[in-house]
Amino acid sequence: GDSSFKLGLNIPLRSAISLDFWEVKERGLVFNPLLYFITEDFLAPKVFSFTGLSTVIASQKFHRVFYQVDAPYVTDMRAQYQAHGGYLSTTLSQGFSRQLFKDVMGFIGVSYSHYKGSANYNSPLMKQDYNFNMALGLVWWFYESEEKENHKKIHITRNQRFDSKEQLFLEIGIL
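Fair warning: this is a prediction, and the values are worked out from it, not measured in the lab. (Residues numbered from 1 in each chain as written. Predicted model: local features only at pLDDT ≥ 70, side-chain atom pairs only at ≥ 80, totals over all residues. Heavy atoms only, no water.)

Participant: Any chance you could explain a nonpolar patch on the surface here in plain terms?
Facilitator: On the surface, Phe5, Leu7, Leu9, Ile11, Leu35, Phe37, Leu53 and Leu92 cluster together into a nonpolar patch covering about 800 Å² of accessible area. Broken down by secondary-structure element, the contributors of at least two residues to the nonpolar patch are β1 (5–10) and β4 (34–39). Examining the composition of the nonpolar patch, we find that three residues originate from one element, β1, more than from any other. Of the residues examined, Phe5 reaches a relative accessible area of 45% and is grouped as partly exposed. (Patch = residues over 30% accessible without salt bridge, like charges linked within 9 Å, V, L, I, M, F, W, Y side chains within 5 Å. Areas by Shrake-Rupley, 256 points an atom, 1.4 Å probe, with all protein chains shown as cover. Salt bridge = Lys/Arg side-chain N within 4 Å of Asp/Glu carboxyl O. Helix = DSSP H or I, 4+ residues; strand = E, 2+ residues; numbered from the N terminus. Buried < 20%, exposed > 50% of the residue type's maximum accessible area, 1.4 Å probe, protein only.)

Participant: When you look at helix α1 (residues 60–67) in this model, what are you seeing that I'm missing?
Facilitator: Side chains of residues three or four places apart in an α-helix project in the same direction, reflecting 3.6 residues per turn. Among all positions in α1, only Phe62, His63 and Tyr67 are buried. One face of α1 carries all of its buried residues, which in axial projection span an arc of 105 degrees. In the core, the buried residues of α1 are packed alongside β2 (13–19), β3 (24–31), β5 (47–58) and β6 (86–101). (Arc of directions from axis to C-beta. Contact = heavy atoms within 4.5 Å.)

Participant: Looking at this structure, how should I read the side chain of Gln99?
Facilitator: With respect to the secondary-structure elements, Gln99 resides in strand β6. In terms of polar contacts, Gln99 uses its side chain to reach the backbone carbonyl oxygen of Val104, at 3.5 Å. (Polar contact = N/O pair within 3.5 Å; in protein donor to acceptor, adjacent residues only side chain to side chain.)

Take a look at the structure:
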């Protein structure tokens, strides 16, 4: 139909890696389901509103990077701790984006993450129950194939405005 909103569910399973320019290390698995709601033309033309609710569940290998304290690193203020795999956090996010030019979009967003009840809540490296984040930025699409551009000109409907540009916004962005 001609609705101006989209409700979606992403269910990604990712492998986390770290890179220090000389070595790539695999750091474990992260499962991060995201339920999101996007509204098009929110309060003004070409403005998108994004609301998301996500959770993070990760392997023990991933949690070790952030929460484990091995014997050589024990101090009077930091006890030894064996990290566990499992639940890490739940995040609520709100963001807005606007198409500024043909190939440029601006975005702003905030998120609140809650860690209480996480698998490693008792780690001496866990310092607080919550975290606030803010993102502000620009996205520039420097190339788009002619085939895709022609496809959009022929088959455009109101719903098809939620194309790869908005999906890229979700991946880079605010969350």
